[in-house]
Amino acid sequence: NILMLRQISSNVVRRTPALVAQRTAALSTQARVVDYEREEQRQERGESRNWRGRNAAAAAVGAVAAVAVAAVTADQARADGAANADVEALRADIVALLDNERYDDGSYGPVLVRLAWHACGTYDKSDGSGGSDGATMRFEPEAAHGANAGLDVARTLLRPLVAKYPGVSVSDLWQFAAIVAIEEMGGPRIPFRFGRVDKPDGSHCTPDGRLPDAAQGASHMRDIFYRMGFNDQEITALVGAHALGRCHTNRSGFDGPWTRSPIMFTNDFYTLLLGEEWKVRQWNGPKQYQDAAKAVSYTHLRAHETCADLVCRLLL
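Reading the values: the criteria
The written sequence of each chain sets the order in which its residues are numbered from 1. pLDDT decides what is reported in this predicted model: residues at 70 or higher carry local features, side-chain atom pairs at 80 or more are listed and counted, and totals for whole chains, interfaces and linings draw on all residues regardless. Remark: hydrogens and water are excluded; side-chain values derive from all non-hydrogen atoms of the structure. Put simply, DSSP H or I for four residues or longer makes a helix, DSSP E for two residues or longer makes a strand, and each gets a number counted from the N terminus. The buried label applies to any residue whose accessible area, calculated with a 1.4 Å probe on protein chains only, is under 20% of its type's maximum; exposed applies above 50%, and partly exposed to all values in between. The protein chains shown are the only cover counted for residues, whose accessible areas, like all others here, come from Shrake-Rupley with a 1.4 Å probe. When the centres of two rings from Phe, Tyr and Trp lie within 6.5 Å, Trp using its six-membered ring, the rings pair. Their planes under 30 degrees apart give stacked, over 60 give edge-to-face, and anything left gives tilted. In this scheme, a helix's expected span is set at 1.5 Å multiplied by one less than its residue total. For helices, the fitted line uses only the C-alpha atoms of the stretch in contact; every axis is such a line through C-alpha atoms, and the angle between N-to-C directions lies from 0 to 180 degrees. For any pair of crossing helices, the crossing counts as left-handed if the nearer helix is rotated counterclockwise from the farther one by less than a right angle, and right-handed if it is rotated clockwise. Any pair of residues with heavy atoms lying within 4.5 Å of one another is described as a contacting pair. Under this grouping Gly is polar, as are all residues other than the nonpolar Ala, Val, Leu, Ile, Met, Phe, Trp, Tyr, Cys and Pro and the charged Asp, Glu, Lys and Arg. The rule for a salt bridge is simple: a side-chain nitrogen of Lys or Arg has to be within 4 Å of a carboxyl oxygen of Asp or Glu. Take the buried residues of types Ala, Val, Leu, Ile, Met, Phe, Trp, Tyr and Cys, join any two whose side-chain atoms come within 4.5 Å, and each joined set is a nonpolar core. Between N or O atoms, a polar contact is any pair within 3.5 Å; within protein, one atom must be a potential hydrogen donor and the other a potential acceptor, and residues adjacent in sequence are included only when both atoms are from side chains. Put simply, angles under 35 degrees are roughly parallel, angles over 145 are roughly antiparallel, angles from 65 to 115 are roughly perpendicular, and the rest are oblique.

### Concerning the overall build of the protein
Counting its secondary structure elements, the protein contains twelve helices and five strands. Going through the 316 residues of the protein one by one, you find that 53% of them count as buried. Summing over all exposed atoms, the protein offers an accessible surface of approximately 14,100 Å²; the carbon and sulfur share of this is 49%.

### A closer look at the environment of alanine 215
Along the chain, alanine 215 turns up in the loop between helix H8 (170–184) and helix H9 (218–228). Separated by 71 residues in sequence, alanine 215 and proline 286 have C-alpha atoms that sit 8.8 Å apart.

### Some words on the packing of aromatic side chains
In this structure the tally under the stated criterion is seven aromatic pairs. Judged by centre distance (5.7 Å) and plane angle (0°), the ring pair of tryptophan 117 and phenylalanine 225 falls under stacked. Residue tryptophan 117 is found in helix H6 (residues 109–120), and its partner phenylalanine 225 is found in helix H9; the two are separated by 108 residues along the sequence. You can call phenylalanine 225 buried: its relative accessible area is 4%. Consider the rings of phenylalanine 176 and phenylalanine 194, whose centres lie 5.5 Å apart with planes at 45°: the pair is tilted. Here the residue phenylalanine 176 occupies a position in helix H8, and phenylalanine 194 occupies one in the loop between H8 and H9, the gap between them amounting to 18 residues. As far as burial versus exposure is concerned, phenylalanine 176 and phenylalanine 194 are alike and both buried. Ring pairs connect the aromatic residues Trp117, Phe225 and Phe230, which therefore count as one cluster.

### Description of H6
For H6, which comprises twelve residues, the first-to-last C-alpha distance of 17 Å matches the rise-based estimate of 16 Å (1.5 Å per residue) to within 8%. Within H6, eleven of the twelve residues are buried, which leaves it mostly tucked inside the rest of the structure. The complete set of buried residues in H6 reads Gly109, Pro110, Val111, Leu112, Val113, Leu115, Ala116, Trp117, His118, Ala119 and Cys120.

### Here we look at the environment of tryptophan 258
With respect to the helices and strands, the residue tryptophan 258 is situated in the loop between strand E2 (256–257) and helix H11 (268–275). Residues tryptophan 258 and histidine 242, 16 residues apart in the sequence, show an inter-C-alpha distance of 6.4 Å.

### Notes on the packing of helix H5 (residues 87–98) against H8
Their axes nearest at 10 Å, the elements H5 and H8 cross at an angle of 65°. At the point where H5 passes H8, the crossing takes the right-handed sense. The segment H5 lies against H8, with Val87, Leu90, Arg91, Ile94, Val95 and Leu98 engaging Leu173, Phe176, Ala177, Val180, Ala181, Glu183 and Glu184. Partitioning the contact of H5 with H8 into residue classes produces ten nonpolar, no polar and three charged.

### What to know about the pattern of salt bridges
The full count for this structure, using the stated rule, is six salt bridges. Between arginine 91 and glutamate 183 there is a salt bridge, and its shortest N-O distance comes to 3.6 Å. Here arginine 91, found in helix H5, pairs with glutamate 183, found in helix H8; they are 92 residues apart in sequence, far enough to count as distant. This pair shows no difference in class: arginine 91 is buried, exactly as glutamate 183 is. Residues arginine 246 and aspartate 105 are paired through a salt bridge, measuring 2.8 Å at the closest nitrogen-oxygen approach. One end of the pair, arginine 246, is in strand E1 (residues 246–247); the other, aspartate 105, is in the loop between H5 and H6, and 141 residues separate them in sequence. Each of Arg91, Glu183 and Glu184 takes part in one network of salt bridges that share partners.

### A word on the nonpolar core
The biggest cluster of nonpolar side chains holds 35 residues, and the ones touching the most others in it are Leu90, Ile94, Leu112, Leu158, Trp174 and Phe176. When sequence neighbours within four positions are dropped, the list of residues in contact with isoleucine 94 reads Leu161, Leu173, Phe176, Ala177 and Val180.

### Quick look at unusual backbone geometry
Glutamate 140 connects to proline 141 through a cis peptide bond whose omega is 5°. Its location among the elements puts proline 141 in the loop between H6 and helix H7 (152–164). Positive phi is not limited to glycine here, since aspartate 104 has a value of about 45°. Topologically, aspartate 104 is positioned in the loop between H5 and H6. Positive phi, normally seen in glycine, also occurs at alanine 135, with a value near 50°. Within the secondary structure, alanine 135 sits in the loop between H6 and H7. Its relative accessible area of 1% is what places alanine 135 among the buried residues.

### Concerning the side chain of histidine 220
Topologically, histidine 220 is positioned in helix H9. Within the structure, histidine 220 has its side chain in polar contact with the backbone nitrogen of aspartate 213 (distance 2.8 Å). Those residues in contact with histidine 220 that sit more than four places away from it in its chain are Leu211, Pro212 and Asp213.

### Thoughts on the packing of H6 against H7
It is at 9 Å that the axes of H6 and H7 come closest, and there the two elements cross at 100°. With respect to their mutual orientation, H6 and H7 come out roughly perpendicular. Where H6 abuts H7, its residues Val111, Leu112 and Leu115 lie against Ala154, Arg155, Leu157 and Leu158. When its residues are assigned to classes, the contact of H6 with H7 shows six nonpolar, no polar and one charged.

Below is the structure:
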């Protein structure tokens, strides 16, 4: 899956959304891929080569990577069980869970993407540990790691589907739920392969500290993502996934959405980062940037500078 990510993202900023879709479709013919059809085609995205264009590909690759960073373990029994499951019924059940006006901005979509990413983001290329295969966040101590605060919401939301679809591993369910959420929020259709195998207990949990800390800078960001095998271009694409969702004071300590449409899959993270005037927010929380209209926020000074640094490096 890392290889697939690199193939998609090697020229992501220069590709139009249509070309990325074509490349993704080509990849979907390899191996056994579940490719679900939408009832209606999404509105055609802009054809401009400007990387800041509407729903551009960089943010798309960020979310693709969030659900595909770790290698899939091919366990035939589990794969056969998933193949026999009614994938379209599973997809429909996930869609039915997404909208909820009482949660954040009206959708569980962003937190499902975060769950998938945090399951993936523990991967270490040097020894193959961590990653989406295993769903070890079900157990302590990983469930209690600070970076995973609030993800009990997503795990609890999907728990009834774990029981309803015993042929699908929890590892697969978390990742599949995220790609369904991405599409429902206006993102691309993402190829998916079942076959991840759940670990039996918490002895397989990875140590704390493998996920990014918003209060640290570029060196930390690179350490985290280089460990997984990513380069600066791919890190920048991954950062674009922050177009979805918001910060919570009871989780990270920071507060507010990153864009004005936090449940829509857009390229707004990048356009706002470079296009808005940012000032340090005056509040009783950690140091955080805010736009002049006080509508959206960026986290700690170092995180803001890291994002801007990576984006500028990519453009240059």
